Amino acid sequence: LQQALDTWNTTIDLTAGWNMFGYNCPNPIDITEGISNHTESIIIVKDNNGNLYMPEFSFNGIGDLTPGYGYQIKLTVAIEGFSLCDWYVNDIPEDNIVSLQEEVENLQSELDSLYSFGCMDSAACNYDINHIYNDYSCIYPEQGFDCNGNLVAEIGDFFKGGILFYIDSSNQHGLILSTQNITPLPNGCWSTNIDYSCQTILGSGLDNTLNIINLCQQSPIAASESLSYTGGGYTDWYLPSKDELSLAHENLLSIPDGNTLFNLIEESYWSSSRVGGNDCWTVNLITGYVFANSVNNSFPIRPIRSF
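Let me begin by describing the structure that accompanies this report. The model shown is predicted, which means the values in this text are computed figures rather than measured ones.

This paragraph deals with a nonpolar patch on the surface. On the surface, a cluster of nonpolar side chains totalling about 320 Å² of accessible area is made up of Phe117, Ile132 and Tyr133. Along the chain, Tyr133 turns up in strand E11 (residues 133-134). The class for Tyr133 is partly exposed, based on a relative accessible area of 38%.

The final tally for this structure, using the stated rule, is nine aromatic pairs. When the centroid spacing of 6.1 Å and the interplanar angle of 50 degrees are considered together, the rings of Phe158 and Phe262 count as tilted. One end of the pair, Phe158, is in strand E12 (residues 158-159); the other, Phe262, is in the loop between helix H8 (258-261) and strand E16 (268-275), with 104 residues separating them in the sequence. Accessibility expressed as a relative area gives 46% for Phe158, which makes it partly exposed. Residue class for Phe262 comes out buried when judged on its relative accessible area of 1%. Both rings, one in Tyr289 and one in Phe291, keep their centres 6.0 Å apart while their planes meet at 15 degrees; by these two values the pair is stacked. A residue is classified by how much of its surface remains accessible, and Phe291, at 40% relative accessible area, is partly exposed. An aromatic cluster of three or more residues is present, and its members are Phe21, Tyr71 and Phe82. Taking NZ or CZ as reference, Lys242 lies 5.7 Å from the ring centre of Trp281, over its face.

On to helix H5 (residues 205-215). Along H5, the residues classified as buried are Gly205, Asn208, Thr209 and Ile212. Burial along H5 is one-sided: seen end-on, the buried residues are contained in an arc of 100 degrees. Buried residues along H5 sit against helix H6 (222-227), helix H7 (242-252) and E16.

Our next topic: the side chain of Lys242. Among the structural elements, Lys242 can be located in helix H7. Under the relative-accessibility criterion, Lys242 is labelled buried at 17%. Apart from residues no more than four positions distant in its own chain, Lys242 is found in contact with Thr200, Ser271, Ser273, Trp281, Val283 and Val290.

Taken together, four strands build an open sheet; the order of strands is E12-E13-E14-E20 and the sheet is antiparallel. Only two strands of the sheet have a single neighbouring strand rather than two, namely E12 and strand E20 (304-306). Where strand E13 (residues 162-167) and strand E14 (residues 174-177) come together, four bridges link them in antiparallel fashion. Residue pairing in the sheet places Tyr166 in a bridge with Leu175 of E14. Packing against the sheet, H7 makes contact with E13, E14 and E20, and its axis sits at approximately 100 degrees to E13.

Another point: the sheet that holds strand E17 (residues 279-284). Two strands in a sheet stick together by hydrogen bonds in their backbones, pointing the same way (parallel) or opposite ways (antiparallel). The strand order across the open sheet built from three strands is E16-E17-E18, with neighbouring strands paired in antiparallel fashion. Two strands in the sheet have a free side with no partner beyond their single neighbour: E16 and strand E18 (290-294). Strand-to-strand, the axes of this sheet are offset by a mean angle of 35 degrees, without reference to chain direction. Bridge count between E17 and E18: five bridges; the pairing is antiparallel. The partner of Thr282 across the bridge, within E18, is Phe291.

As paired strands, strand E2 (residues 17-23) and strand E8 (residues 69-75) are joined by seven bridges and run antiparallel to one another. Opposite Gly22, over in E8, you have Gly70 as the bridge partner. Judged from the four bridges that link them, strand E4 (residues 42-46) and E8 form a sheet pairing that is antiparallel. Paired with Ile44 across the two strands is Lys74, which belongs to E8.

Conventions we followed
- Residues numbered from 1 in each chain as written.
- Predicted model: local features only at pLDDT ≥ 70, side-chain atom pairs only at ≥ 80, totals over all residues.
- Heavy atoms only, no water.
- Patch = residues over 30% accessible without salt bridge, like charges linked within 9 Å, V, L, I, M, F, W, Y side chains within 5 Å.
- Areas by Shrake-Rupley, 256 points an atom, 1.4 Å probe, with all protein chains shown as cover.
- Salt bridge = Lys/Arg side-chain N within 4 Å of Asp/Glu carboxyl O.
- Helix = DSSP H or I, 4+ residues; strand = E, 2+ residues; numbered from the N terminus.
- Buried < 20%, exposed > 50% of the residue type's maximum accessible area, 1.4 Å probe, protein only.
- Phe/Tyr/Trp six-rings, centres within 6.5 Å; stacked < 30°, edge-to-face > 60°.
- Lys NZ or Arg CZ within 6 Å of the ring centre and 35° of its normal.
- Arc of directions from axis to C-beta.
- Contact = heavy atoms within 4.5 Å.
- Pairing = 2+ DSSP bridges.
- Axes fitted to C-alpha atoms, helices over the stretch in contact; angles between N-to-C directions.

Here it is in C-alpha coordinates:
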(Lines give C-alpha, C1' and ligand atoms only; values in the text may rest on other atoms or scores of the structure.)
Protein backbone atom coordinates (compact mmCIF):
# COMPACT_ATOMS: atom_id res chain seq x y z
CA LEU A 1 0.00 0.00 0.00
CA GLN A 2 2.74 2.44 0.94
CA GLN A 3 4.61 1.67 -2.28
CA ALA A 4 1.43 2.34 -4.29
CA LEU A 5 0.81 5.62 -2.48
CA ASP A 6 4.44 6.64 -3.02
CA THR A 7 4.10 5.88 -6.73
CA TRP A 8 0.91 7.92 -7.07
CA ASN A 9 2.44 10.80 -5.13
CA THR A 10 5.46 11.09 -7.42
CA THR A 11 6.38 14.71 -8.11
CA ILE A 12 8.62 16.26 -10.76
CA ASP A 13 9.99 19.72 -11.36
CA LEU A 14 8.94 21.39 -14.64
CA THR A 15 10.77 24.28 -16.29
CA ALA A 16 9.32 27.19 -18.18
CA GLY A 17 8.73 26.14 -21.79
CA TRP A 18 8.22 22.60 -23.07
CA ASN A 19 8.28 19.55 -20.74
CA MET A 20 7.07 15.94 -20.66
CA PHE A 21 5.11 14.26 -17.87
CA GLY A 22 3.48 10.89 -17.39
CA TYR A 23 0.06 10.31 -15.85
CA ASN A 24 0.46 7.38 -13.40
CA CYS A 25 -2.67 7.71 -11.27
CA PRO A 26 -4.86 4.57 -11.11
CA ASN A 27 -8.02 6.17 -12.59
CA PRO A 28 -8.64 8.55 -15.53
CA ILE A 29 -9.63 12.14 -14.77
CA ASP A 30 -10.77 15.05 -16.90
CA ILE A 31 -7.65 17.05 -17.72
CA THR A 32 -9.38 20.29 -16.74
CA GLU A 33 -9.89 18.94 -13.22
CA GLY A 34 -6.62 16.99 -13.06
CA ILE A 35 -4.32 19.96 -13.58
CA SER A 36 -6.61 22.69 -12.28
CA ASN A 37 -3.99 23.71 -9.67
CA HIS A 38 -1.64 24.85 -12.44
CA THR A 39 -4.05 26.29 -15.05
CA GLU A 40 -2.62 29.82 -14.89
CA SER A 41 0.88 28.56 -15.76
CA ILE A 42 -0.18 26.32 -18.67
CA ILE A 43 -0.12 27.46 -22.29
CA ILE A 44 -0.88 24.13 -23.95
CA VAL A 45 -0.95 20.34 -23.31
CA LYS A 46 -0.67 17.76 -26.11
CA ASP A 47 -1.24 13.99 -26.08
CA ASN A 48 0.47 11.47 -28.37
CA ASN A 49 -2.33 11.76 -30.91
CA GLY A 50 -1.88 15.52 -31.27
CA ASN A 51 -5.01 16.43 -29.33
CA LEU A 52 -4.77 19.72 -27.44
CA TYR A 53 -5.82 21.25 -24.16
CA MET A 54 -5.64 25.09 -24.08
CA PRO A 55 -6.95 26.51 -20.81
CA GLU A 56 -6.70 30.11 -22.01
CA PHE A 57 -9.42 29.35 -24.58
CA SER A 58 -11.24 26.77 -22.41
CA PHE A 59 -10.55 24.22 -25.13
CA ASN A 60 -10.26 20.55 -24.12
CA GLY A 61 -9.54 18.30 -27.06
CA ILE A 62 -7.83 15.69 -24.88
CA GLY A 63 -10.70 14.86 -22.55
CA ASP A 64 -9.44 12.60 -19.77
CA LEU A 65 -5.88 12.04 -18.68
CA THR A 66 -5.29 8.28 -19.20
CA PRO A 67 -3.22 6.16 -16.74
CA GLY A 68 0.10 5.11 -18.24
CA TYR A 69 0.16 7.75 -20.98
CA GLY A 70 2.64 10.58 -21.50
CA TYR A 71 1.91 14.21 -22.38
CA GLN A 72 3.74 17.33 -23.57
CA ILE A 73 3.16 20.54 -21.67
CA LYS A 74 4.29 24.13 -22.28
CA LEU A 75 4.49 26.47 -19.31
CA THR A 76 4.86 30.18 -18.81
CA VAL A 77 6.74 29.67 -15.54
CA ALA A 78 8.52 26.75 -13.86
CA ILE A 79 6.55 24.50 -11.50
CA GLU A 80 8.30 22.70 -8.63
CA GLY A 81 6.75 19.56 -7.16
CA PHE A 82 4.32 19.01 -10.04
CA SER A 83 1.94 16.16 -9.05
CA LEU A 84 -1.33 14.86 -10.50
CA CYS A 85 -2.52 12.19 -8.01
CA ASP A 86 -3.21 14.18 -4.85
CA TRP A 87 -6.91 14.09 -5.69
CA TYR A 88 -6.97 10.29 -5.81
CA VAL A 89 -4.93 9.60 -2.70
CA ASN A 90 -6.88 12.15 -0.70
CA ASP A 91 -10.19 10.64 -1.86
CA ILE A 92 -9.43 7.18 -0.42
CA PRO A 93 -11.65 6.78 2.69
CA GLU A 94 -9.58 6.80 5.87
CA ASP A 95 -11.17 3.55 7.08
CA ASN A 96 -10.10 1.83 3.86
CA ILE A 97 -6.54 3.06 4.26
CA VAL A 98 -6.38 1.77 7.84
CA SER A 99 -7.85 -1.58 6.78
CA LEU A 100 -5.39 -1.89 3.91
CA GLN A 101 -2.48 -0.97 6.16
CA GLU A 102 -3.48 -3.65 8.68
CA GLU A 103 -3.70 -6.21 5.89
CA VAL A 104 -0.26 -5.20 4.64
CA GLU A 105 1.15 -5.61 8.16
CA ASN A 106 -0.38 -9.09 8.43
CA LEU A 107 1.02 -10.08 5.07
CA GLN A 108 4.42 -8.71 6.05
CA SER A 109 4.37 -10.78 9.25
CA GLU A 110 3.65 -13.89 7.21
CA LEU A 111 6.47 -13.03 4.83
CA ASP A 112 8.83 -12.46 7.74
CA SER A 113 8.01 -15.91 9.11
CA LEU A 114 8.49 -17.49 5.69
CA TYR A 115 11.83 -15.85 5.13
CA SER A 116 13.12 -16.00 8.69
CA PHE A 117 16.10 -18.06 9.72
CA GLY A 118 15.55 -21.35 11.53
CA CYS A 119 16.24 -25.07 11.70
CA MET A 120 16.23 -26.76 8.28
CA ASP A 121 16.80 -30.39 9.35
CA SER A 122 13.55 -32.40 9.23
CA ALA A 123 14.99 -34.83 11.82
CA ALA A 124 15.20 -32.07 14.44
CA CYS A 125 12.55 -31.33 17.06
CA ASN A 126 12.32 -27.64 16.11
CA TYR A 127 12.22 -28.13 12.34
CA ASP A 128 9.88 -25.68 10.58
CA ILE A 129 9.09 -26.19 6.91
CA ASN A 130 8.46 -22.44 6.50
CA HIS A 131 12.08 -21.50 7.14
CA ILE A 132 14.27 -21.17 4.07
CA TYR A 133 17.50 -20.02 5.71
CA ASN A 134 19.35 -22.36 8.08
CA ASP A 135 20.63 -20.75 11.28
CA TYR A 136 21.92 -24.09 12.67
CA SER A 137 19.66 -23.83 15.74
CA CYS A 138 18.38 -27.41 15.42
CA ILE A 139 17.51 -29.28 18.62
CA TYR A 140 17.62 -33.07 18.47
CA PRO A 141 16.06 -35.65 20.79
CA GLU A 142 18.25 -37.63 23.14
CA GLN A 143 19.54 -40.81 21.50
CA GLY A 144 16.91 -43.53 21.72
CA PHE A 145 14.06 -41.10 22.48
CA ASP A 146 11.68 -39.10 20.30
CA CYS A 147 11.07 -35.35 20.59
CA ASN A 148 8.33 -35.95 23.18
CA GLY A 149 10.66 -37.92 25.45
CA ASN A 150 9.21 -41.31 24.52
CA LEU A 151 11.64 -44.23 24.34
CA VAL A 152 12.06 -45.53 20.80
CA ALA A 153 15.15 -47.71 21.38
CA GLU A 154 14.48 -51.46 21.40
CA ILE A 155 15.92 -54.52 23.10
CA GLY A 156 19.29 -55.29 21.54
CA ASP A 157 20.03 -51.70 20.48
CA PHE A 158 23.40 -50.19 21.37
CA PHE A 159 22.16 -47.45 23.67
CA LYS A 160 23.48 -45.28 26.52
CA GLY A 161 26.92 -46.86 26.62
CA GLY A 162 26.00 -50.53 26.14
CA ILE A 163 23.32 -52.97 25.02
CA LEU A 164 19.70 -52.39 25.97
CA PHE A 165 18.34 -55.65 27.42
CA TYR A 166 15.38 -54.59 29.55
CA ILE A 167 12.65 -51.90 29.41
CA ASP A 168 10.27 -51.44 32.31
CA SER A 169 6.49 -50.98 32.11
CA SER A 170 6.76 -47.18 32.00
CA ASN A 171 8.69 -47.44 28.72
CA GLN A 172 11.02 -44.79 30.13
CA HIS A 173 13.59 -46.79 32.08
CA GLY A 174 15.56 -49.98 31.70
CA LEU A 175 18.88 -51.82 32.01
CA ILE A 176 22.03 -51.72 29.89
CA LEU A 177 24.62 -54.52 29.57
CA SER A 178 28.23 -53.51 29.01
CA THR A 179 29.76 -54.38 25.64
CA GLN A 180 33.04 -55.67 27.11
CA ASN A 181 34.00 -58.82 29.00
CA ILE A 182 36.10 -57.86 32.02
CA THR A 183 38.92 -60.32 32.74
CA PRO A 184 38.08 -63.14 35.22
CA LEU A 185 38.32 -62.15 38.89
CA PRO A 186 37.19 -63.67 42.19
CA ASN A 187 33.97 -62.50 43.82
CA GLY A 188 35.97 -62.07 47.02
CA CYS A 189 35.88 -62.40 50.81
CA TRP A 190 35.48 -66.11 51.38
CA SER A 191 33.76 -66.82 54.77
CA THR A 192 32.55 -63.20 55.04
CA ASN A 193 28.89 -62.93 56.01
CA ILE A 194 27.57 -60.94 53.02
CA ASP A 195 24.72 -63.18 51.95
CA TYR A 196 22.05 -61.51 54.10
CA SER A 197 22.24 -58.29 52.07
CA CYS A 198 22.66 -59.73 48.55
CA GLN A 199 19.37 -60.43 46.77
CA THR A 200 18.69 -62.19 43.48
CA ILE A 201 15.74 -60.18 42.18
CA LEU A 202 15.57 -57.72 39.29
CA GLY A 203 16.66 -54.27 40.45
CA SER A 204 18.85 -55.45 43.34
CA GLY A 205 22.22 -55.44 41.56
CA LEU A 206 23.35 -51.97 42.60
CA ASP A 207 22.51 -52.46 46.29
CA ASN A 208 24.22 -55.88 46.24
CA THR A 209 27.36 -54.36 44.70
CA LEU A 210 27.55 -51.56 47.27
CA ASN A 211 26.98 -53.98 50.14
CA ILE A 212 29.80 -56.23 48.93
CA ILE A 213 32.17 -53.25 48.73
CA ASN A 214 31.18 -52.07 52.21
CA LEU A 215 31.69 -55.50 53.78
CA CYS A 216 34.65 -56.81 51.77
CA GLN A 217 38.05 -55.09 51.75
CA GLN A 218 39.58 -57.50 49.21
CA SER A 219 40.60 -55.90 45.88
CA PRO A 220 40.34 -56.29 42.99
CA ILE A 221 37.12 -58.29 42.98
CA ALA A 222 34.09 -58.47 40.67
CA ALA A 223 32.18 -55.79 42.56
CA SER A 224 35.03 -53.26 42.74
CA GLU A 225 35.91 -53.67 39.06
CA SER A 226 32.27 -53.27 38.05
CA LEU A 227 32.00 -49.99 39.97
CA SER A 228 35.23 -48.65 38.42
CA TYR A 229 34.20 -49.59 34.87
CA THR A 230 33.77 -46.56 32.53
CA GLY A 231 32.66 -48.19 29.28
CA GLY A 232 30.63 -46.07 26.86
CA GLY A 233 31.59 -42.92 28.77
CA TYR A 234 29.44 -43.78 31.83
CA THR A 235 30.65 -44.23 35.40
CA ASP A 236 27.55 -45.71 37.09
CA TRP A 237 28.08 -49.40 36.27
CA TYR A 238 27.62 -52.17 38.85
CA LEU A 239 27.67 -55.96 39.21
CA PRO A 240 24.27 -57.39 38.15
CA SER A 241 22.12 -59.66 40.32
CA LYS A 242 21.38 -63.25 39.31
CA ASP A 243 17.94 -62.41 37.88
CA GLU A 244 19.32 -59.42 35.98
CA LEU A 245 21.94 -61.61 34.29
CA SER A 246 19.33 -64.27 33.52
CA LEU A 247 17.10 -61.62 31.94
CA ALA A 248 20.02 -60.42 29.78
CA HIS A 249 20.48 -64.02 28.57
CA GLU A 250 16.77 -64.44 27.85
CA ASN A 251 16.25 -61.18 25.96
CA LEU A 252 19.52 -60.90 24.05
CA LEU A 253 19.77 -64.52 22.92
CA SER A 254 16.32 -64.19 21.32
CA ILE A 255 17.99 -61.89 18.78
CA PRO A 256 19.50 -63.80 15.81
CA ASP A 257 23.23 -64.39 16.30
CA GLY A 258 23.02 -62.45 19.57
CA ASN A 259 26.02 -64.19 21.18
CA THR A 260 28.31 -62.96 18.39
CA LEU A 261 26.64 -59.58 18.01
CA PHE A 262 26.93 -58.83 21.72
CA ASN A 263 30.36 -60.42 22.28
CA LEU A 264 29.08 -63.09 24.69
CA ILE A 265 31.49 -65.90 25.52
CA GLU A 266 30.84 -69.52 26.49
CA GLU A 267 31.54 -68.93 30.17
CA SER A 268 29.67 -68.21 33.37
CA TYR A 269 29.63 -64.60 34.58
CA TRP A 270 29.66 -63.47 38.17
CA SER A 271 26.49 -62.01 39.64
CA SER A 272 26.29 -59.96 42.85
CA SER A 273 23.85 -62.44 44.47
CA ARG A 274 25.54 -64.41 47.29
CA VAL A 275 24.62 -67.91 48.44
CA GLY A 276 25.86 -68.16 52.02
CA GLY A 277 29.26 -66.78 52.97
CA ASN A 278 31.33 -68.76 50.48
CA ASP A 279 29.35 -69.00 47.23
CA CYS A 280 27.84 -66.65 44.69
CA TRP A 281 25.55 -67.25 41.71
CA THR A 282 27.01 -67.33 38.20
CA VAL A 283 25.01 -67.21 34.96
CA ASN A 284 26.08 -68.40 31.52
CA LEU A 285 24.76 -65.73 29.16
CA ILE A 286 24.72 -68.09 26.19
CA THR A 287 23.16 -71.22 27.69
CA GLY A 288 21.34 -69.53 30.58
CA TYR A 289 22.80 -72.10 33.01
CA VAL A 290 22.81 -70.85 36.64
CA PHE A 291 25.25 -72.31 39.17
CA ALA A 292 26.59 -71.39 42.60
CA ASN A 293 30.40 -71.13 42.68
CA SER A 294 32.94 -70.45 45.38
CA VAL A 295 33.71 -66.75 45.71
CA ASN A 296 37.42 -67.64 45.47
CA ASN A 297 36.98 -68.84 41.87
CA SER A 298 37.56 -66.43 39.03
CA PHE A 299 34.90 -65.72 36.37
CA PRO A 300 34.49 -62.91 33.81
CA ILE A 301 32.24 -59.92 34.50
CA ARG A 302 29.68 -57.97 32.43
CA PRO A 303 28.68 -54.87 34.43
CA ILE A 304 25.28 -53.28 33.89
CA ARG A 305 23.79 -49.81 34.44
CA SER A 306 20.26 -48.51 34.71
CA PHE A 307 18.59 -45.46 33.16
